[in-house]
Amino acid sequence: AQSVTQLDSQVPVFEEAPVELRCNYSSSVSVYLFWYVQYPNQGLQLLLKYLSGSTLVKGINGFEAEFNKSQTSFHLRKPSVHISDTAEYFCAVSPPQAGTALIFGKGTTLSVSS
Amino acid sequence: EPEVTQTPSHQVTQMGQEVILRCVPISNHLYFYWYRQILGQKVEFLVSFYNNEISEKSEIFDDQFSVERPDGSNFTLKIRSTKLEDSAMYFCASSERAPEQYFGPGTRLTVT
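The following refers to the structure shown.

What counts, and at which threshold
Residues numbered from 1 in each chain as written. Chains lettered and ligands numbered in written order. Predicted model: local features only at pLDDT ≥ 70, side-chain atom pairs only at ≥ 80, totals over all residues. Heavy atoms only, no water. Helix = DSSP H or I, 4+ residues; strand = E, 2+ residues; numbered from the N terminus. Buried < 20%, exposed > 50% of the residue type's maximum accessible area, 1.4 Å probe, protein only. Contact = heavy atoms within 4.5 Å. Phe/Tyr/Trp six-rings, centres within 6.5 Å; stacked < 30°, edge-to-face > 60°. Core = buried A, V, L, I, M, F, W, Y, C linked by side-chain atoms within 4.5 Å. Salt bridge = Lys/Arg side-chain N within 4 Å of Asp/Glu carboxyl O. 1 Å grid on protein atoms, 1.4 Å probe; cavity = no way out; pocket = protein on both sides within 12 Å on 5 of 7 lines; lining within 4 Å. Points joined across faces, edges and corners; volume = space filled by probe spheres on them. Nonpolar A, V, L, I, M, F, W, Y, C, P; charged D, E, K, R; others polar.

Quick word on the environment of V24 of chain B
Residue and element names in this part refer to chain B.
For step 1, the next point in the chain: Structurally, V24 can be placed in strand β3 (residues 19-24).
For step 2, the next point in the chain: Since its relative accessible area comes to 30%, V24 is described here as partly exposed.
For step 3, the next point in the chain: Residues V24 and S73 lie 49 residues apart in sequence; the distance between their C-alpha atoms is 5.7 Å.
For step 4, the next point in the chain: What V24 contacts, discounting residues up to four positions off in sequence, is E3, V4, T5, S73 and N74.

Shown next, in the form of structure tokens:
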């Protein structure tokens, strides 16, 4: 079975500051890793994914994440955040097959202020 | 860009009533899913559906729940006799053969 831990429930930052949202996972098998973003009153939007290959993956809106197998982590980063990045961010894992469940972390609320 | 749509956006029902939540997945996708998010909690998997049958379900998906693909475009989740604890946001998702899933905007179900 897989599990996901998002270490920070809330991350407040100022506009144009860098940010890192932390995600650790547990699994006895190889996994696919995802970050989703949920803006207020909206659904979940895929930010980026790691399936295989390069451990540094780039996503939409200037976000990137690095897969670290030895530390079982998949932290999300952005070098300079905007007010519009204020949202809930979810890390998720799944076994390496299509059609299987995504297991989500509890989410991190990113609050960007000016 | 194609997207998953869900109706209604908000459903209020009384305890014990049946509800049907509707989803239109992305047209060329083969896998369909339902998730729920109780207020303030994590998104939880309910069920996945492929080739007209359930491929995986969670412990949450008990006999009160059922899913159906009644035609070539819709995918529904039925809750037979709603309970207060069924109040949540319900998300539909779909995927092609690739593992990434695309989510709809959700239906907020309020059971009174």
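Comments concerning the packing of aromatic side chains
Residue and element names in this part refer to chain A.
For step 1, the next point in the chain: Within this structure, the stated rule accounts for 18 aromatic pairs over all chains.
For step 2, the next point in the chain: Summarising the aromatic geometry, the rings of F90 and F104 are spaced 6.2 Å apart at their centres and angled 90° between planes, so their arrangement reads as edge-to-face. Within this pair, whereas F90 is found in strand β10 (residues 87-94), its partner F104 is found in strand β11 (residues 103-104), the two being separated by 14 residues in sequence.
For step 3, the next point in the chain: Using a relative accessible area of 1% as the deciding quantity, one classes F90 as buried.
For step 4, the next point in the chain: Among the residues examined, F104 registers a relative accessible area of 1% and is labelled buried.

Concerning the nonpolar core
For step 1, the next point in the chain: Among the nonpolar cores identified, the biggest contains 28 residues, and L33, W35, L47, L48, F74, L76 and Y89 of chain A are the most heavily contacted of them.
For step 2, the next point in the chain: When residues in this core are grouped by element, the largest group, 4 residues, is from β10 of chain A.
For step 3, the next point in the chain: Setting aside chain neighbours within four positions, we find L76 of chain A in contact with V19, E20, L21, W35, L47, L48, F63, E64, A65 and Y89 of chain A.
For step 4, the next point in the chain: Core analysis: the next-biggest nonpolar cluster, separate from the first, contains 22 residues, V19, V67, I79 and C92 of chain B among them.

Details of the pattern of salt bridges
Residue and element names in this part refer to chain A.
For step 1, the next point in the chain: Applying the stated criterion across every chain, the model contains 7 salt bridges over all chains.
For step 2, the next point in the chain: Salt-bridge contacts for R77 lead to E66; the nearest nitrogen and oxygen are separated by 3.4 Å. Here R77 is found in strand β9 (residues 73-78), whereas its partner E66 is found in strand β8 (residues 64-68), with 11 residues between them in sequence.
For step 3, the next point in the chain: According to the relative accessible area criterion, E66 is partly exposed, its value standing at 34%.
For step 4, the next point in the chain: A salt bridge links D85 to K78, with the shortest nitrogen-to-oxygen separation between them at 2.8 Å.
For step 5, the next point in the chain: Several salt bridges share partner residues, and in doing so they unite E20, E66 and R77 into one network.

Notes on the layout of surface pockets
For step 1, the next point in the chain: The computed volume of the largest pocket comes to approximately 550 Å³.
For step 2, the next point in the chain: Lining of the largest pocket is provided by 25 residues; of these, L44 and Q45 of chain A together with E1, Y102 and F103 of chain B occupy positions nearest its centre.
For step 3, the next point in the chain: Secondary-structure elements contributing two or more residues to the lining of the largest pocket are β5 (32-38) and β6 (44-50) of chain A together with β10 (102-103) of chain B.
For step 4, the next point in the chain: Partitioned by chemical class, the residues of the lining of the largest pocket number 14 nonpolar, 7 polar and 4 charged.
For step 5, the next point in the chain: By residue number, the principal contributor to the lining of the second largest pocket is β10 of chain A, which donates 3 residues.
For step 6, the next point in the chain: Looking at the lining of the second largest pocket residue by residue, the classes come out as 7 nonpolar, 7 polar and 3 charged.

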